[in-house]
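Examination of the molecular architecture
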Amino acid sequence: MWTEVFSNRDKNLSSLLFPASYHGGVVRPEAGTGIKIHFKDSKGNLIKTVEANEGDDILGIAHEYDIDLEGACEGSVACSTCHVILPQEYYDLLPEPEDDENDMLDMAFGLTDTSRLGCQVKLTKELDGMTATLPSATRNMFVDGKKAAHH
């Protein structure tokens with residue numbers, strides 16, 4: 001019981017100190033309790049299946065689980081390096097991309113009709129079991145001299 005109390009306290013404290021926008025503030029759920037996301041490479045090979053929480057974004061999840069999804073602008077929608085390709089049935093469950101996301105997607109390598117920026121895809125329970133496919137390459141248009149943090 002005490003471990004559950006402290007675990008919940010730590011999870012709540014962590015979400016206050018590290019909101020999802022800080023890609024590294026993703027708190028791993030207990031095994032079997034999270035929303036499952038499958039990451040695949042451009043050839044369709046499974047990289048890893050992970051679990052995350054509602055509200056976490058794909059970029060933050062990828063960084064938490066050491067999946068090679070760059071995110072050069074750290075989720076500020078100023079590049080397309082966290083571009084992922086989603087299955088149509090899951091893409092259709094998401095809100096429409098904002099104009100700034102569409103502007104960055106226009107520069108993404110290997111753009112498809114179901115492409116999204118990983119930093120803009122927030123998990124919901126309806127996305128459980130979704131596959132995020134990484135493109136074969138990325139194009140980094142974030143050139144203001146800022147170095148991306150490695151998470």
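Residues numbered from 1 in each chain as written. Predicted model: local features only at pLDDT ≥ 70, side-chain atom pairs only at ≥ 80, totals over all residues. Heavy atoms only, no water.

Right, let's talk about the overall build of the protein for a bit. Along its length, the protein carries 4 helices and 5 strands. For the protein, the N- to C-terminal ordering of α and β elements is α-β-β-α-β-α-α-β-β. Taken over 151 residues, the protein has a buried fraction of 39%. Taking the intrachain contacts of the protein between residues at least 6 apart in sequence as the baseline, contacts between residues at least 24 apart amount to 67%. When the accessible surface of the protein is summed, it comes to about 8,700 Å², and 51% of that surface belongs to carbon and sulfur atoms. (Helix = DSSP H or I, 4+ residues; strand = E, 2+ residues; numbered from the N terminus. Buried < 20%, exposed > 50% of the residue type's maximum accessible area, 1.4 Å probe, protein only. Contact = heavy atoms within 4.5 Å. Areas by Shrake-Rupley, 256 points an atom, 1.4 Å probe, with all protein chains shown as cover.)

For the rest of this paragraph, the subject is the environment of T131. Along the polypeptide, T131 turns up in strand 5 (residues 130–133). Along the chain, T131 and V84 lie 47 residues apart, while their C-alpha atoms are 9.5 Å from each other. Those residues in contact with T131 that sit more than four places away from it in its chain are H38, K40, I85, L86 and P87.

Attention shifts here to the pattern of salt bridges. For the structure on display, the rule yields 4 salt bridges. For R28, the salt bridge identified is with E64, shortest N-O distance 2.9 Å. Of the two residues, R28 is situated in the loop between helix 1 (2–17) and strand 1 (35–40) and E64 in helix 2 (residues 58–64); the sequence distance between them amounts to 36 residues. A residue is classified by how much of its surface remains accessible, and E64, at 22% relative accessible area, is partly exposed. For E101, the salt bridge is made with R116, and the minimal N-O distance between the two is 2.8 Å. (Salt bridge = Lys/Arg side-chain N within 4 Å of Asp/Glu carboxyl O.)

With that out of the way, let us pick up the nonpolar core. If you look at the biggest cluster of nonpolar residues, it comprises 29 residues, and the most contacted ones within it are F39, I58, L69, L86, L123 and M130. Of all elements in the fold, only strand 1, strand 2 (46–52), helix 2, helix 3 (88–91), helix 4 (99–105) and strand 5 reach the threshold of two or more residues within this core. Sort the elements by how many residues they give to this core and helix 2 lands first, with 4 residues. Every residue in contact with F39, bar those within four places of it in the chain, is listed here: N45, L46, I47, K48, V50, I58, I61, A62, I67, A132 and L134. (Core = buried A, V, L, I, M, F, W, Y, C linked by side-chain atoms within 4.5 Å.)

The subject of this paragraph is the environment of T81. One can find T81 in the loop between helix 2 and strand 3 (83–85). For T81, a relative accessible area of 0% gives the class buried. Separated by 38 residues in sequence, T81 and C119 have C-alpha atoms that sit 9.7 Å apart. In terms of polar contacts, T81 uses its side chain to reach the backbone amide nitrogen of G71, at 3.1 Å. A polar atom in the side chain of T81 sits 2.8 Å from the backbone nitrogen of A72. (Polar contact = N/O pair within 3.5 Å; in protein donor to acceptor, adjacent residues only side chain to side chain.)

On inspection of all chains with the given rule, the structure shows 0 aromatic pairs. Note that R28 overlies the ring of Y65, its terminal NZ or CZ placed 4.0 Å from the centroid. (Phe/Tyr/Trp six-rings, centres within 6.5 Å; stacked < 30°, edge-to-face > 60°. Lys NZ or Arg CZ within 6 Å of the ring centre and 35° of its normal.)

Moving on, we get to unusual backbone geometry. Notably, E74 is not glycine yet its phi reads approximately 60°, a positive angle. Positionally, E74 belongs in the loop between helix 2 and strand 3. Non-glycine residue V77 carries a positive phi angle of around 60°. Tracing the sequence through the fold places V77 in the loop between helix 2 and strand 3. Take V77: its relative accessible area is 12%, and that puts it in the buried class.

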